[in-house]
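Structure at a glance
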Amino acid sequence: MALVGLLIPCFVISFDVTHSCQNADNFVGASSPGDIVIGGLFAVHGKMLHPEEHPMRPVIQNCAGFEIQVFLQTLAMIHAIEMINNSTLLSGIILGYEIYDTCAEVTKAMGAALRFLAKFNASKDTVEYKCNYSDYIPRIKAVIGSSYSEIAMAVSRLLNLQLIPLVSHASSAEILSDKIRFPSFLRTVPSDFYQTRAMARLIHQSGWNWIGLIATDDDYGRSALESFGIQAMANNVCIAFKEMLPAYLSDGTINAKVNQALEKIVKETRVNVIVVFLRQFHVTKLFKKAIERNVHKIWIASDNWSAAVKITSIPNIKHLGTVVGFAYKSENLSTFHDFLKTLHLQPSENMFLKEYSVLLSTCAHVEDQDLNKCISNYSQENLIYQAGMRSQIWRDDFLRANIEPGFIQSTMLAVHAIAYAVREQCKDRDCKNPVAFAPWELLEEIKKVTFTDNEKEVHFDAKGDLNMGYDVLLWKEISGHMVITEIAEYDLQKDDFIFKDEEKEMEFLNFQKVKSTCSRKCRPGQMKKVSASPHTCCYECVNCPEDHYTNQTDMDYCFLCNNKTHWAPVNSITCYKKTVEYLSWNDWFAILLIILSGLGVVLIFAISTIFTRNLDTPVVKASGGLTLCYVILLCHFFIFASTGFFIGEPREFKCKSRQAFFGISFALCISCILMKSLKILLAFSFDPKLQNFLKCLYKPIPIVVTCTGIQVVICTFWVIFRSPFVEQNFFIRRVIILECNEGSIVAFGVMLGYIAALAFICFIFAFKGRKLPENYNEAKFITFGMLIYFIAWITFIPVYTTTFGKYRPAVEITVILISNYGILCCTFLPKCYIILYKQETNTKSAFLKIIYNYSSKSAGILTVSQISLDSNFTTPQYPITNSCCKSEKTSVNDNCHSEVSKHSLIRANVPPKNTAETISRKRLSSI
């Protein structure tokens, strides 16, 4: 430094700044008189020095760490005031200013605020305590500042006593929007609510959900942390860790806290994105240590330091990773650039300008990239103030390079807002008189003020905020230097990013290449299952269960398919439409059943042909004649045909007619067979009582009509009151079964039960005649046919009730075929066998011989029984008559005569041979 003093021929004065604040005027950093004075609070120095002597004294201490960026903000305020004074905006009213350095400390800012509250034009700076300050006129009308939210909160509470407007150009804490606690606070920047929302939006769109957060341990940092936590939660972003650094560099624990934060960053390997709400001097200290430890992350910068050129000049900053941040929007600053070229013309009352001049001369040997560091390393205690040749060492190019456009713009907007409010306030007043209006009146005008800046309308919202949006900045290395570039704008109203061109958008989208997640993304078809971690971003991926799906990544839950119409397998990304199924004509099982039904029809026609060609043979006659056989065969045909109603797409007509068609046909068939069984039993019965009963009962046509008619009534009531209908069965996965709902299970059961009752009666009658002549024993085969029927339909009940799907109708078809084949074959095939292969037995003589032998055997048994009875009592000698025969003598081919002859034979003790001959003739005529 001695070499610099020799090279520069000037008068040098050694100045001990420890005693610079001898009075309140020495406390002012820059001032200019005016009709209306505006106060200013700026943290021109980064920290306040704390003496080591004890006890401590209430002395305003010196500051260190000259901040070029904040110094430029004071120049922006001065420039804006000079522009207004040189314009016609206020019609001759001159704005003055008093700017104070807060040194980033609340204590020093409160000292300046006390002076703002001092009564105007008083001999001493005294603040009067009053119950009503409506008529109180302080030194200033409004205040611009401060640089930090914590200071703004403290100062605003103090200024609230007199409702002096505090218009901040940088304090963005969300809590300051509360007009209950801060009624006189306004700002020309957005609230942190929008900044944290923009950050969360950026993180979410980049696919990050596991991030770290570092903030200052003060009102600003805690407010930002709370606001960001809410926005992060809304965007499914989790905070892996939170580190708080002391708010002041003078805090002795700051180095330990920085190291602790870096340890956390290094330890959390899955965290690659760090959100930083710090002051610039905190970031500088953090980044220097991070570079030493080779930390490489994405750093999301708050508006406080996102455009800090000083930080970009840190050596090896490019190895730190990527810095993307949010800055206040700015417009054309060409007039401010021109102002910087005329700094040598500024009045000498600007102590900040003096200090800057001395710092430049002190650091004259330093290159531009290191000049910031050199300037910030000096404190006010050890500076050498230079008295001459100031114009030779101004470096306006260095100042322009360190401009943070957003802060310069917001500072100038704050001045203009106050100026426009003053204009409205002074329309009907002589504002050259400082007592023309009070600060609280100006506050009301500022709230309502509307003006145009660069063709954009500017006004405060109900919370006193000026929401202009943000510029999204990206730090890029160009030609070996870190350059701050703008890649997008954030629109507050749309909550979205706006890109100027595709190249900028691609740079934004490239952020997605970096992964910062607690868990890997769940693929479509999977969902997140929260693990033991308290964070929702830490989870396991599990496959969606059946009938559920996801079609996006990282879904919290699987969507349920519409189980009626759609289905999905495990790990599905979509729902598949269920296929409609029914027992179609081209189904293999349906084809098999159709073939079996067709074979049954062929068999029926074959039997009909055989019986027709052998019409006069005893076997055909013994079967009841061709008419009865044709009726039974026609019923069998209808039963086979009814199976076709169970195949194919269900229709309303099919559903209503298929069971009725089958039921009535089967009832008619069983009714006819019942008559055959009754006739056979009547023909070969030797029990007088039973024969009398059977003769009374045997009325073929009425019985057949009645038995069938009952079934017709059952089916009619069924179709009318609980008609079957077409139904879609949705309870089977993957398919919709189109089927017939029977309408009433009770009616269905009654219909089948009635057929079973007829079959059971037929079975009883046939069972009674099971010991008839073997060659013509139709009853024995009818019994066997009924057994097949019972076995089939008893098996049908559990199988049908437990079968679901398109093959359910096939179960009933199968049972119908089995029972129909069983009855048909048992009824007709033995007769066909005799007709075709035992023709010698199908003659009248052979038939008579068999009947004779059977009758002789039966008569002998009957005679023995009668002799036993005669030994006990004597039978009356009178003819036996039968009332039934009187009315129907020809109904059973003279059976009554046969019976009389039989009893006469027994009473007269006729030999068995004669009895056998008589009986055989009568039985043959009966059959």
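Above this note sits the structure.
Overview of the structure.

1. Considerations on the overall build of the protein
What the protein contains, in helices and strands, is 30 helices and 29 strands. Looking at the protein as a whole, 52% of its 927 residues are labelled buried. Surface summary for the protein: the accessible area is close to 42300 Å², and the carbon and sulfur share equals 58%.

2. Looking at unusual backbone geometry
The omega angle of the peptide bond from Gly 145 to Ser 146 is 0°, so this bond is cis rather than trans. Take Ser 146: it is sitting in the loop between β7 (142–144) and α5 (149–159). One non-glycine residue, Asn 294, adopts positive backbone phi at about 55°. Positive phi is not limited to glycine here, since Asn 571 has a value of about 60°. Along the chain, the position of Asn 571 falls in the loop between β25 (566–567) and β26 (576–577).

3. A look at the packing of aromatic side chains
Scanning all chains against the criterion turns up 46 aromatic pairs. Where Trp 718 meets Phe 748, the ring centres are 6.0 Å apart and the plane angle is 40°; that geometry is what we call tilted. Here Trp 718, found in helix α23 (residues 700–721), pairs with Phe 748, found in helix α24 (residues 745–768); they are 30 residues apart in sequence, far enough to count as distant. Members of the aromatic cluster, connected to one another through ring pairs, are Phe 662, Phe 666, Trp 718, Phe 748, Phe 760, Phe 763, Tyr 789, Phe 790, Trp 793, Phe 796 and Tyr 800. One residue, Arg 279, lies across the ring of Tyr 148, its end atom 4.1 Å from the ring centre.

4. Structural notes on the sheet that holds strand β28 (residues 725–729)
Picture the strands of a sheet paired through backbone hydrogen bonds; they go either parallel or antiparallel. Taken in spatial order, the three strands line up as β27-β29-β28 in an open sheet, and their pairing is mixed. Edge strands, defined here as strands with exactly one partner in the open sheet, are β27 (579–581) and β28. Averaged over all pairs of adjacent strands, the angle between strand axes in this sheet comes to 30°, irrespective of strand direction. Note: β28 against strand β29 (residues 735–741), five bridges, orientation antiparallel. Paired with Glu 727 across the strands is Glu 739, a residue of β29.

5. A closer look at the packing of helix α3 (residues 68–85) against helix α12 (residues 351–362)
Axis angle and axis distance: for two packed helices, these are the angle between their axes and the distance between the axes, and together they describe the pair. Relative to each other, α3 and α12 sit at 140°, their axes nearing to 11 Å. Looking at the two axes, α3 sits oblique to α12. The two elements α3 and α12 cross, and the hand of that crossing is left-handed. From α3, Ile 68, Phe 71 and Thr 74 reach across to α12, where they touch Phe 352, Leu 353 and Tyr 356.

6. Structural notes on the state of the cysteines
Enumeration according to the criterion identifies nine disulfides in this entry. Each disulfide pairs two cysteine sulfurs, and for Cys 238 the partner residue is Cys 537, the sulfurs being separated by 2.1 Å. Looking along the S-S bond of the Cys 238-Cys 537 disulfide, the torsion reads about 85°, which is the right-handed sense. Pair noted here: Cys 238 is in strand β11 (residues 238–245) and Cys 537 is in the loop between β21 (526–530) and β22 (539–543), with a separation of 299 residues, a long-range link.

Scoring rules and cut-offs
- The residue count restarts for each chain, going from 1 along the sequence in the order it is written.
- Totals for whole chains, interfaces and linings use all residues, but because this is a predicted model, local features are given only for residues with pLDDT of at least 70 and pairs of side-chain atoms are given and counted only at 80 or more.
- The side-chain values count all of the structure's non-hydrogen atoms but skip hydrogen atoms and water molecules.
- Strands here mean DSSP runs of E at least two residues long; helices mean DSSP runs of H or I at least four residues long; both are numbered from the N terminus.
- Burial classes: relative accessible area under 20% of the type maximum marks a residue as buried, over 50% as exposed, and values in between as partly exposed (1.4 Å probe, protein chains only).
- Here the accessible surface of atoms and residues is derived via Shrake-Rupley with a 1.4 Å probe, and residues count as covered only by protein chains that are part of the display.
- Here a pair means two rings of Phe, Tyr or Trp (six-membered ring of Trp) with centres within 6.5 Å. Their orientation is stacked below 30 degrees between planes, edge-to-face above 60, and tilted elsewhere.
- Counted as over-ring charges are cases with an Arg CZ or a Lys NZ within 6 Å of the ring centre that also lie within 35 degrees of the ring normal.
- What makes two strands pair is DSSP finding at least two bridges between them.
- Between the N-to-C directions of two axes lies an angle of 0 to 180 degrees, each axis being a line fitted to C-alpha atoms and, for a helix, fitted only over the stretch in contact.
- For classification purposes, angles smaller than 35 degrees are called roughly parallel, those larger than 145 roughly antiparallel, those between 65 and 115 roughly perpendicular, and all remaining angles oblique.
- Handedness of a helix crossing follows the sense of rotation of the near helix relative to the far helix, less than a right angle counterclockwise being left-handed and clockwise being right-handed.
- Residue contacts are defined here by distance: any two heavy atoms, one from each residue, within 4.5 Å place the two residues in contact.
- Note on terminology: pairs of cysteine sulfur atoms within 2.5 Å are recorded as disulfides.

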